[in-house]
Amino acid sequence: MLAVMARNRFTVRTLVPVLGVAVLVLGAFGVWVFVHERTVRSSERPFQRAERQVREQRGGDWEVRYVEAGSGPAVCGYAAPRNRGDATHEPVAFISRIGRILFADEPLPTEFRALREEFCPAFARSPAAPAYVNPVQAP
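Residues numbered from 1 in each chain as written. Predicted model: local features only at pLDDT ≥ 70, side-chain atom pairs only at ≥ 80, totals over all residues. Heavy atoms only, no water.

**Some points on the pairing of strand β1 (residues 62–69)**
For step 1, the next point in the chain: One ladder, built from seven bridges, connects β1 with strand β2 (residues 75–81); its direction is antiparallel. Residue pairing in the sheet places tryptophan 62 in a bridge with proline 81 of β2.
For step 2, the next point in the chain: In this antiparallel pair of consecutive strands, β1 and β2, the connection spans five residues, and glycine 72 shows a positive phi of 70 degrees. (Pairing = 2+ DSSP bridges. Helix = DSSP H or I, 4+ residues; strand = E, 2+ residues; numbered from the N terminus.)

**Re a nonpolar patch on the surface**
For step 1, the next point in the chain: On the surface, Phe10, Leu15 and Leu19 cluster together into a nonpolar patch covering about 340 Å² of accessible area.
For step 2, the next point in the chain: By secondary structure assignment, the location of leucine 15 is in helix α2 (residues 12–42).
For step 3, the next point in the chain: Take leucine 15: its relative accessible area is 38%, and that puts it in the partly exposed class. (Patch = residues over 30% accessible without salt bridge, like charges linked within 9 Å, V, L, I, M, F, W, Y side chains within 5 Å. Areas by Shrake-Rupley, 256 points an atom, 1.4 Å probe, with all protein chains shown as cover. Salt bridge = Lys/Arg side-chain N within 4 Å of Asp/Glu carboxyl O. Buried < 20%, exposed > 50% of the residue type's maximum accessible area, 1.4 Å probe, protein only.)

**Structural notes on helix α4 (residues 109–119)**
For step 1, the next point in the chain: Among all positions in α4, only Phe112, Leu115, Arg116 and Phe119 are buried. One face of α4 carries all of its buried residues, which in axial projection span an arc of 105 degrees. Residues of α4 that are exposed and point over 90 degrees away from its buried face: Thr110 and Glu118.
For step 2, the next point in the chain: The elements touched by buried residues of α4 are β3 (92–97) and β4 (100–103). (Arc of directions from axis to C-beta. Contact = heavy atoms within 4.5 Å.)

**Quick word on the environment of arginine 65**
For step 1, the next point in the chain: Tracing the backbone through its elements, the reader meets arginine 65 in strand β1.
For step 2, the next point in the chain: A relative accessible area of 33% means that arginine 65 is categorised as partly exposed.
For step 3, the next point in the chain: Through-space distance from the C-alpha of arginine 65 to that of alanine 79 is 5.2 Å; in sequence the pair is 14 residues apart.
For step 4, the next point in the chain: Excluding anything up to four places from it in sequence, arginine 65 contacts Tyr78, Ala79, Ala80, Pro81, Arg82, Asn83, His89 and Pro91.
For step 5, the next point in the chain: Looking at arginine 65, its side chain comes within polar contact range of the side chain of glutamate 63, at 3.2 Å. (Polar contact = N/O pair within 3.5 Å; in protein donor to acceptor, adjacent residues only side chain to side chain.)

**Overview of the sheet that holds β2**
For step 1, the next point in the chain: Across the sheet, four strands lie side by side as β1-β2-β3-β4; this open sheet has antiparallel pairing. Strands with a single pairing partner mark the edges of an open sheet, and in this sheet they are β1 and β4. Averaged over neighbouring strand pairs, the angle between their axes works out to 30 degrees when direction is ignored.
For step 2, the next point in the chain: Taken together, the five bridges between β2 and β3 define a ladder with antiparallel strand orientation. By the bridge assignment, alanine 79 is partnered in β3 with valine 92. (Axes fitted to C-alpha atoms, helices over the stretch in contact; angles between N-to-C directions.)

These values are about where atoms sit, not about what they do.
Structure (structure tokens):
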């Protein structure tokens, strides 16, 4: 009886190839998901990317209210929750880049200003507001 039970158990010799095949299948699936997601996201237009990022970060009730093209693949704009009834919400400025979105109300105001200067220098400025002048390079 013990001999019959011993024959039915998995041995290391049979378990290693089975686990090896499982690892290969999972690895192939992971590569396929990664490539498929990159292909889908690379076909997104910058405005569509900004809408997706806003909803992912802030929730499905948020919408992009205004967007303008920045330098490269960056876009800058304003987003806010949808107005419901008499409640209106103040829009929040954002900078959307591939793989990242940064909002003006996040606890990184210095980084937001730096990215705005780099990617959207004319964004969110009134015509009377002077442009930023670097004191080191000023004449």
